[in-house]
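Inside the fold
The residues making up each chain are set out below.
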Amino acid sequence: MKLRNLVGTALTLALSFGFAGTAEAQSFEGTISFKKSVGPITANYTYHVKNDKVRIEEIDEEGNVQGIMLVNTNENEVLALSPERKMFIEVPNKRPNRKTDLSIEETKNTKKILGLECKEWKVISAEDNREISYWLADQNFDFFVPMLKTLNRKDKLAVFFLKLPNQTGAFPMLGVESQDDGTELTKLEVKEVNQSPLADELFAIPTGYTKFEREARN
């Protein structure tokens, strides 16, 4: 898989979940697996989360890891890894934020997803002809907002989420982006959440990988 393609899929919005939810509760540590659908095209991803570090894996139909991103929110650093080529590259995240007028609503709708109580939030952008529905589990997923800010993706599922008020610790178990006529464009849905300690080695560049150097422009 080409490194630039991995960078393009990094986002993926993302989704996450937790358990306790008190001020003393530890931040989520473990794995979150989810599916992204864009029309008829689907892709599977896994987040590995430990403190201020997130490892994002793109998984193929056979369960093999096709691409990896290492996100360090404390250092504001993103690395893209190609397991096939045994190479890594630093991913720039200096994208200017575009201002847009949004209508944000916390609905009264609730439902359980994978055993977690979720509340629905809706964000509407008339300018972009978009409506996004987020089903949020308000737990100890403290990694998610810093991760989105570090990735600095331009997709609307990520951009609009950061506009939601007071969502520290929340994670969208389900996110659906639609046009205002109801046509579904993108869907992110969590398939599995496992809370467990993870090894530090998961978040380091594997031995034998070399850095990909961009060619200098004249």
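Look above for the structure.
Residues numbered from 1 in each chain as written. Predicted model: local features only at pLDDT ≥ 70, side-chain atom pairs only at ≥ 80, totals over all residues. Heavy atoms only, no water.

1. Points about the nonpolar core
The condition is simple: Residues belong to one nonpolar core when they are buried, are Ala, Val, Leu, Ile, Met, Phe, Trp, Tyr or Cys, and are joined through side-chain atoms within 4.5 Å. Three exposure classes are used, based on accessible area relative to the maximum for each residue type with a 1.4 Å probe and protein chains only: buried under 20%, partly exposed in between, and exposed over 50%. Helix and strand definitions here come from DSSP, where helices need a minimum of 4 consecutive H or I residues and strands a minimum of 2 consecutive E residues; each element is numbered from the N-terminal end.
Counting residues in each nonpolar core, the largest one holds 45 residues, and the members touching the most others are Y47, I56, Y134, F143 and M147. Top contributing element to this core by residue count: strand β9 (residues 130-141), with 6 residues. Judged by nonpolar contacts, the second largest core, of 6 residues, contains I68, L70, L79 and F88.

2. Structural notes on the pairing of strand β3 (residues 53-59)
Which entries qualify depends on this criterion: Note on pairing: two strands pair once DSSP finds at least 2 bridges between them.
The element β3 is largely enclosed, with a buried count of 6 among its 7 residues. As paired strands, strand β2 (residues 41-50) and β3 are joined by 7 bridges and run antiparallel to one another. Paired with H48 across the strands is R55, a residue of β3. The antiparallel hairpin formed by β2 and β3 contains 2 residues in its connecting segment, where N51 sits at a positive phi of about 55°. In this sheet, strand β4 (residues 65-72) lies alongside β3 in antiparallel orientation, the contact comprising 7 bridges. Each residue of the ladder has a partner; that of R55, found in β4, is L70. What sits between the antiparallel neighbours β3 and β4 is a turn of 5 residues, in which G63 has the positive phi angle 90°.

3. Here's the deal with the pairing of strand β8 (residues 116-125)
Here strand β7 (residues 103-113) pairs with β8 via 8 bridges, running antiparallel. Directly across from T110, in β8, lies its bridge partner K119. The turn linking β7 back onto β8 is made up of 2 residues, and L114 within it adopts a positive phi angle of 55°. The pairing of β8 with β9 spans 8 bridges and is antiparallel. The residue of β9 that forms the bridge with C118 is A137. With antiparallel pairing between neighbouring strands as the criterion, β8 and β9 make up a hairpin whose turn holds 4 residues, including N129 at a positive phi of roughly 55°.

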